[in-house]
Amino acid sequence: MEAAVFQPFLDSIQKELQAQDPAVLAVLVALVVVIISIIFMKIVWGRKTTRSAVLLVGLCDSGKTLIFSRLLSGKFKKTQTSITDSSAIYNVKSEKVTSQTKGRGFTLIDLPGHESLRPQFVERFKSAARAVVFVVDSAVFQKELRDVAEFLYSLLTDAEIVKNAPALVVTCNKQDITMAKSAKVIQQQLEKELNTLRVTRSAALSTQDGSTAGGTVYLGKKGKDFEFSQLPMKVEFVECSAKGYKAEDGEADIEQLEKCLARIS
Amino acid sequence: MLDFFTIFSKGGLVLWCFQGVNGSFTGPVNALIRSVILQERSGSNLFIHDALSMKYKLDNEFELVFVVGFQKILTLTYVDKFLDDVQLRFRDRYKNQLEQKGAMKLLNGSFQFQDDFQQLLREAEESTKACAPAPMKTFMQSQKSQKTVKSMIETRGGEKGKEKESNKKSKNAKKEASAAEGDGDSTRGGTQSGLPKKSSPKPQENGNEGLTPEEIKRNQQEFFRRMGGGAKKPSSSSSSKSPKPEKLQRVKGNREWVMGGTNTKELDYSNKDMNGSQDTLPATKDNAEDLKQLGQMKGDLRSVDYESSEEEEEDEEVVVSAAAAANPSKSSSKSFRGVFGMLKGLVGSKSLSQEDMEPVLDKLRDHLIAKNVAADIASKLCESVAKKLEGKVMGTFTTVTSTVKQALQDSLVQILQPKRRVDILRDVMEARAQRRPFVVTFCGVNGVGKSTNLAKISFWLIENGFSVLIAACDTFRAGAVEQLRTHQRRLNSMHPPEENGGRPRVQLYEKGYGKDAAGIAMEAIAYARSHSFDVVLVDTAGRMQDNAPLMVALAKLIAVNMPDLVLFVGEALVGNEAVDQLVKFNQALADHSMSDKPRIIDGIVLTKFDTIDDKVGAAISMTYITGQPIVFVGTGQTYSDLRSLNARAVVSALMKA
C-alpha cells in the first residue's frame, strides 16, 4: 500500500527530471552536495574525537612532568608545579621495528595535579583518553594514601571513563628513593583503601539532578572485597624512576613504563 | 643581589634559570604558584615567603612565567623594570620556539639566555646607581629663607595671613588679614576664657563667599558663644548632679515579671540525671515529621542543586555577524570603519590588552557585587583575571566579553574547588581505627546557625552509624544547653537506643552555665575517649569578631583541645562583613595560640542557603579569604537540610545574568 502512495510521487519526480527543468535539477544537486558534505564532516570530526590520547594524571609533586619530559626527549628538566596541561606526540619505542609499529604514536598529555585544577582538566580530556597513566609518589605514599585513593576513586567512578574503559597504568614513581614502596605493596594498600571508600562514598547516594557527589557506579563486585581485577578496564602496576638512579644526567629508569605504553598502542 | 631568576612554562618545564646563591628555589616558587596564581591573588605581583620576596610576571601569549627572587630585607628598585626587559628580550629571541603548540620544542630547545640576562642585569643595576640621591639644599636655596619673620608667627588667623601674603589679592582677604594681625595677639591670650569677641575671621582662600565682614563677625560671635557655653558646662552638670543623689536614696525593688514565678526552682528544667542520661522522647505525633526524615541522610551528602539555565551562556559563545554591537572595544563613531573594525576583531588573532578588558571587567565586577560577593574580593578577582589574560591571543570568532567571562568562570570554579580532600566520614573512620574521638568545633558570630547545623550534622553522622557526643560549650546564651538537649532527645527518638545495643546514639555533655568553655570541652573529649564515642561536636557561643576577650577565649579553647576540624559557621546572607569576620577570626586563632603551628579555620559551613536564590557570592568571599573548602551547606531548619557544595552549580548561578 505504501508503494501505491509513493508511486505518484516518484512518477512526478521522474517526469520533472525528464523535463530537465533546471531549477529542480539545481535544487536536487545542491541537496546531494549538502548531504555528502555533512557525511564527510562527520567522518572527519569523528576521527578527531577518537580516543588517541594518553593522560598523565596524579597528585601534585608525583613527577608527572618529569616523566613527560623523559618519555618524549629522554632529558632531565627541572620542573615546577604545572598550571596548565602540556601535550605532545609520542612515538612508541619498540624492539621490533616492523612496518606496523613504526610511526604508531599517540598524544601524550600531562595534566596538572593541583587539587583546584585537577577536576577541570580531567573533565576536559577524559573523553579522549585511550589510556590513563596514574603516577604515584612511592616515597610519601603512606602519608598520601587517602588522597591518592580518593583521586583514583573519582577517576574510576566517572561515568565516561567507565564507559570507555581506558587502560589504567599505575606508575609507582620515585623508586630511586630508598624508602619507596614497591608496586605490590601499593596495589594492596590501594585495594584496601578503595574498599573502605566505596562504602563511605557510595552508600545510598540518592539521585540528585546536577550533583556529582560521586559517580553512581559501584566499584567492583558487591559483597566481595575490592580488587583491581574486578574493574572493566585493564589495570597494570609498574615501577619507575623518572629521576634515575645516578645523578641528573643519568638515564631514567622508565623501561617498564615504555613497554607498557608500547603494549597499549 | 638577586637570589634566583627562573623562566618556566605554565606546563611546568623550567626553560632557564639563574641561581645566585646555593640552595634550591623549587620550594619557594612552588609556594608562589600555589598561593598566588592558583588562588587568584595575582593582583599584586609581590609575594613574600619566609625570608625571600619574589616578584613574578605572567606571559600569557606564550604561556610562560618569569620569577625573580631576592632577600626580603633588600629593597631593589629596578626589579619591576628588569622583569619587563627580560621578558621582552626572551620573547624576541626565542619567539620561533615558543610559538609552537605542543611541548616538543620546549623540551628539545636549549635556551642559552645567560649572556643576555647578565647584560640586562648590569644595565638595570647601573641605572639605579646613576640616579644618585639628590644632595640636600642649602638654607639659602630653600623657600623658607624668602619669607619674613613676622609672617611665620603662628596665630589662629596669622597662619592664613601668611598664605595670603604669598598669593591671593582679594581686597576682602587683605582687609581680614590686617584685621587678623591686629587681633592675633589678643586672641592668643583670650582662647581660654569665655567669649573672645574679637576673634580672627576665617577668610576663605577664594574670598568670603559674599558675606560682609559684619555678618562674619556676627556668625563668629554665635559660634563662640556656643563654644563659651562649653566653658559653662561644668557648672550646669554640677547642678544636674544634685538630683542624682536623691534618686539613689530610693532602693530599687526587684522587677516583677507578669508571667514569671518568684521561685528560681520553678525555672530549673534540668533533669535529675545529667550526663550520660538516657534521655529519649516517647514517640508521639510530634515526632511524626522527624520520623519521616529517618533514613534520608545515609551516605555522602547530596550536593546543592540548581536549575541552571544554559541558554544564556550559549549566547555568549555564538558570535553574531557584524551586527554584534555588543563588542565594546570596537564601538567607534565612524560607521564604515567601525563595521570593518568589528569584522577585523572577530576574525584573526588579536591579543588582549588592558584597555580592551577594562569595560568588560568593570561590568563583571558590578555583576559580582550585585550577587553579594564582597566588594574588594570582586575587585581582586577581576584584577587577577586581567593579569592572567593580558597579552593572550584570542582565537577567531571569540569576543573579548566571552573570553573574559570564560576566564572568570574558570577562576571561580578553581577557587571553589577544595584544596584538600574533604571526606568527613573517612576521617571519622580513621579516628575510630586509632581509638580516639574525632573532634569538631563550631565557631562563628551570633545567630548564624551553629546549634542548628550541629544538630543536622549529628543526624547525618548517626545515620551513617557513628555515635556522637555533643559538648555544650556555649555557657553564655540562655537556653543553649536546653536547646541541645531537645535536639538530643529528638535524635535519639528517631534512632532508638535499642538499635545500638542499649546505648543512645547521641549524648549531651554539659556543665550548666557560666563555666569555662575550654574546660568543659577538655572534659567532654576525655569522657568521649573513655566511653568510646566516635565523634565529639563542640558547640561554642557566638561572638563578634571585634570582641577581643571572647576571641581570646575561643583561641584558648581551640589551642588547648586541638580539635581535628575547626569549622567556621557563616551565613550565606552576609555580604562584605564576611571578609571582616573571617580575617579577624583567623587572626585571633593564630595570634593567641601558644604553639608555632596554630590551628586556624579548617573549613566553612555555609548556612541559610535557602534564603538566597542566586546571590551566592558569600561562598566565593569566604573561600577566597581563607583558602579553605566549604564543607557543609545548610539549606533549611529540618534535619535533612544538609548538603555538600557543588562548585559548578554555584558558579553558574553566580554568572547567570
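Report follows, based on the coordinates. Everything numeric in this text was worked out from a predicted model, so none of it was measured.

### Things to note about unusual backbone geometry
Residue and element names in this part refer to chain B.
- Not every positive phi belongs to a glycine, and Met-562 is a case in point at roughly 45°.
- Mapped onto the secondary structure, Met-562 falls in the loop between helix H20 (548-561) and strand S12 (565-571).
- Owing to a relative accessible area of 44%, Met-562 belongs among the partly exposed residues under this scheme.

### Looking at the packing of aromatic side chains
- If you walk through the whole model with that rule in mind, you get 12 aromatic pairs over all chains.
- Ring plane angle 65° and centroid distance 5.2 Å describe the contact between A:Phe228 and A:Phe237, whose orientation is recorded as edge-to-face.
- Seen in terms of ring centroids, B:Tyr509 and B:Tyr527 are 5.4 Å apart; in terms of plane orientation they differ by 50°. Their pairing is tilted. Taken together, the residues span a long stretch of sequence, with B:Tyr509 in strand S10 (residues 506-509) and B:Tyr527 in helix H19 (residues 517-530) at a distance of 18 residues.
- Counting every residue linked through ring pairs, the aromatic cluster contains B:Phe5, B:Trp16 and B:Phe82.
- Positioned above the aromatic ring of A:Phe151 is the side chain of A:Arg118, whose terminal nitrogen or guanidinium carbon lies 4.3 Å from the ring centre.
- Here the basic side chain of B:Arg503 rests over the ring of B:Phe533, its NZ or CZ set 4.7 Å away from the ring centre.

### Considerations on empty space enclosed by the protein
Residues and elements named next belong to chain B.
- Counted under the stated rule, the structure contains 7 cavities of 30 Å³ or more.
- By volume, the largest cavity amounts to about 60 Å³.
- Lining the largest cavity are 11 residues, with Ile-415, Lys-419, Thr-623, Tyr-624 and Gly-627 positioned closest to its centre.
- Across the lining of the largest cavity, the residue classes break down as 4 nonpolar, 5 polar and 2 charged.
- The calculated volume of the second largest cavity comes to roughly 50 Å³.
- Mapped onto the lining of the second largest cavity, the elements with two or more residues apiece are helix H16 (424-433), strand S8 (438-443), helix H17 (450-463), strand S11 (535-540) and S12.
- Residue composition of the lining of the second largest cavity, by class: 13 nonpolar, no polar and no charged.

### Some remarks on the environment of B:Leu557
All names here are of chain B.
- Here Leu-557 lies in helix H20.
- On the accessibility criterion, Leu-557 (3% relative accessible area) is buried.
- Separated by 37 residues in sequence, Leu-557 and Ile-520 place their C-alpha atoms 9.4 Å apart.

### Overview of the packing of helix H13 (residues 354-370) of chain B against helix H15 (residues 400-416) of chain B
Residue and element names in this part refer to chain B.
- Where H13 contacts H15, the two axes come as close as 10 Å, and the packing angle between them is 45°. The pairing of H13 with H15 is recorded here as oblique in orientation. Where H13 crosses over H15, the handedness of that crossing is right-handed. Contacts between H13 and H15 involve Asp-356, Met-357, Val-360, Leu-361, Leu-364 and Leu-368 on the former and, on the latter, Val-400, Thr-401, Val-404, Lys-405, Leu-408 and Leu-412.
- Among the residues forming the contact of H13 with H15, the class breakdown is 9 nonpolar, 1 polar and 2 charged.

### Some points on H20(B)
All names here are of chain B.
- With 14 residues, H20 should reach 20 Å at 1.5 Å per residue; the first-to-last C-alpha distance of 20 Å fits that figure.
- The complete set of buried residues in H20 reads Met-551, Leu-554, Ala-555, Leu-557, Ile-558 and Asn-561. Considered in projection along H20, the buried side chains sweep an arc of 155° and stay on one side of the axis.
- Along its buried surface, H20 packs onto S8, strand S9 (468-473), H19, S11, S12 and helix H21 (577-591).

### Quick notes on the pattern of salt bridges
- Throughout the structure, instances matching the rule amount to 28 salt bridges over all chains.
- Of the charged contacts in the structure, one is a salt bridge between B:Arg426 and A:Glu193, with a shortest N-O distance of 2.6 Å. Placement of B:Arg426 in helix H16 and of A:Glu193 in helix H7 (residues 183-202) is noted, with the two residues assigned to different chains. Like A:Glu193, B:Arg426 is buried.
- The shortest N-O distance in the salt bridge between B:Asp362 and B:Arg365 comes to 3.3 Å.

### Description of the layout of surface pockets
- By volume, the second largest pocket is sized at about 670 Å³.
- The wall of the second largest pocket is formed by 29 residues, among which A:Asp61, A:Gly63, A:Leu66, A:Thr79 and A:Lys174 lie closest to the centre.
- Secondary structure elements with two or more residues in the lining of the second largest pocket: helix H3 (64-73) of chain A together with helix H1 (26-37) of chain B.
- For the lining of the second largest pocket, the element with the most residues is H3(A), which contributes 3 residues.
- Of the residues assigned to the lining of the second largest pocket, the class counts are 7 nonpolar, 14 polar and 8 charged.

The rules behind the values
- Residues numbered from 1 in each chain as written.
- Chains lettered and ligands numbered in written order.
- Predicted model: local features only at pLDDT ≥ 70, side-chain atom pairs only at ≥ 80, totals over all residues.
- Heavy atoms only, no water.
- Helix = DSSP H or I, 4+ residues; strand = E, 2+ residues; numbered from the N terminus.
- Buried < 20%, exposed > 50% of the residue type's maximum accessible area, 1.4 Å probe, protein only.
- Phe/Tyr/Trp six-rings, centres within 6.5 Å; stacked < 30°, edge-to-face > 60°.
- Lys NZ or Arg CZ within 6 Å of the ring centre and 35° of its normal.
- 1 Å grid on protein atoms, 1.4 Å probe; cavity = no way out; pocket = protein on both sides within 12 Å on 5 of 7 lines; lining within 4 Å.
- Points joined across faces, edges and corners; volume = space filled by probe spheres on them.
- Nonpolar A, V, L, I, M, F, W, Y, C, P; charged D, E, K, R; others polar.
- Axes fitted to C-alpha atoms, helices over the stretch in contact; angles between N-to-C directions.
- Parallel < 35°, antiparallel > 145°, perpendicular 65-115°, else oblique.
- Left-handed = near helix turned anticlockwise from the far one by under 90°.
- Contact = heavy atoms within 4.5 Å.
- Expected span 1.5 Å × (residues − 1).
- Arc of directions from axis to C-beta.
- Salt bridge = Lys/Arg side-chain N within 4 Å of Asp/Glu carboxyl O.

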